[in-house]
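Analysis of the macromolecular model
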Amino acid sequence: MNKELTFLIVGLGLIGGSIAKGLKKEGYKVYAIDINEEAIRYAKNNNIILNDDESDKTLISNADIIILCLYPSVIHTWVKDNHHLFKDTVLVSDVTGIKGSIVEKIQSTMTKGEFLAMHPMAGKEVKGVEHASDSIFKGANLIIVPTEKNKPSSIDLLRDLGHELSFKHIEILSVDDHDKMISFLSQLPHAIAVALMCNRNNDHLIRYTGDSFRDLTRIAKINADLWSELFISNKENLCDDIDSFIDTLKMIKDYVKTEDEDKLKEMFVVSKERRTNFDK
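In this report, the structure presented in the accompanying data block is examined. What you see is a predicted model; the values in this text were computed from it and never measured.

This part is about the environment of Glu171. Take Glu171: it is sitting in strand 8 (residues 169–172). What makes Glu171 partly exposed here is its relative accessible area of 43%. Residues Glu171 and Val145, spaced 26 residues apart in sequence, show a C-alpha to C-alpha distance of 8.6 Å. Once residues within four sequence positions are removed from consideration, Glu171 is found in contact with Leu142, Ile143 and Ile144.

The full count for this structure, using the stated rule, is 12 salt bridges. Its salt-bridge partner being Lys29, residue Glu4 comes within 3.8 Å of it at the nearest N-O pair. Remark: Lys29 occurs in strand 2 (residues 29–33) and Glu4 occurs in the segment before strand 1 (6–10); sequence separation between them is 25 residues. Note that Asp134 is salt-bridged to Lys25, the shortest N-O span being 3.8 Å. Note that Asp134 is positioned in the loop between strand 6 (117–121) and strand 7 (141–145) and Lys25 in helix 1 (residues 14–25), a separation of 109 residues in sequence. Using a relative accessible area of 28% as the deciding quantity, one classes Asp134 as partly exposed. A relative accessible area of 59% means that Lys25 is categorised as exposed.

Before going further, it helps to spend a moment on the sheet that holds strand 3 (residues 65–68). Pairing is parallel in the open sheet, where five strands are placed in the order 2-1-3-4-5. Since the sheet does not close on itself, it has two edges, and those belong to strand 2 and strand 5 (114–115), each with one partner. Summarising the sheet, strand 1 and strand 3 pair through four bridges and their orientation is parallel. What sits directly across from Leu8, in strand 3, is Ile66. Each of strand 1, strand 3 and strand 4 (91–94) is contacted by helix 4 (residues 72–82), which is oriented at about 150° to strand 3, the strand it contacts most.

Our next topic: empty space enclosed by the protein. In this structure the tally under the stated criterion is one cavity of 30 Å³ or more. There is about 30 Å³ of room inside the largest cavity. Where the lining of the largest cavity is concerned, the elements lending two or more residues are strand 6 and helix 6 (152–164). In terms of residue class, the lining of the largest cavity is made up of seven nonpolar, one polar and no charged.

This next bit is on the sheet that holds strand 7. The strand order across the open sheet formed by three strands is 6-7-8, and the pairing between neighbours is mixed. Whereas interior strands pair on both sides, the edge strands pair on one side only; in this sheet they are strand 6 and strand 8. The mean angle between the axes of side-by-side strands here comes to 20°, regardless of whether they run parallel or antiparallel. Against the sheet, helix 7 (residues 175–199) engages strand 6 and strand 7, with an angle of about 145° to strand 7.

Reading the values: rules and limits
Residues numbered from 1 in each chain as written. Predicted model: local features only at pLDDT ≥ 70, side-chain atom pairs only at ≥ 80, totals over all residues. Heavy atoms only, no water. Helix = DSSP H or I, 4+ residues; strand = E, 2+ residues; numbered from the N terminus. Buried < 20%, exposed > 50% of the residue type's maximum accessible area, 1.4 Å probe, protein only. Contact = heavy atoms within 4.5 Å. Salt bridge = Lys/Arg side-chain N within 4 Å of Asp/Glu carboxyl O. Pairing = 2+ DSSP bridges. Axes fitted to C-alpha atoms, helices over the stretch in contact; angles between N-to-C directions. 1 Å grid on protein atoms, 1.4 Å probe; cavity = no way out; pocket = protein on both sides within 12 Å on 5 of 7 lines; lining within 4 Å. Points joined across faces, edges and corners; volume = space filled by probe spheres on them. Nonpolar A, V, L, I, M, F, W, Y, C, P; charged D, E, K, R; others polar.

Limitation: the analysis is restricted to geometry and does not speak to function.
Here it is in structure tokens:
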């Protein structure tokens, strides 16, 4: 990518801060907007962004690439309120975990520039720019989510961005395929982890728990505001996956109840084989 490109990160939390940190390390001009003035102050003091008291209007107008790191419920409103300030050639992207509820609305709203969605499959069980790391994307997957309104050159630009941030795999999915995939690979595991923690009062179990329970429930330390939005925005896909998971869990229950050791072993073998593929 051209090192003269000016980036604007809108929403300077963990992911936004990590993108800013990674791009700044690679020599790009990176600025940020956030309603939390302390986040901006921290990022300036720690050389993550180049802000120097410019107005939000100026930062938006000067940006070549804008990356929206906002909650799904506010991302379209921000674009609607600010798209008149965009450069004619601006490329706008996002990092939200759901696409069906935002992509078409944003593309229909923008009168200048181009919106091309993406989804970094990375994160931590913490939030805030103070936890940002330029290594958070190393070895992770990046999903680019184009529509027929996107130019091949814009897709290539986001690919280049992914390479600059050290993503291991960069894949292309449609909006519908992305939301179906993310329901199973991300939202369902979070739902399972939350269900485990809410299944009973686990406080007294801390003294006894092993790695299996800790590993399985790591992602239960969840951002309630964000994930409630993600679940509801993708409710049809997620409800289908929850129903399918319940059916599979009932199958295990039935095999245990009837002491069908052979059927249990068959499931364990399939499970082991499929999980081993992730380690390759």
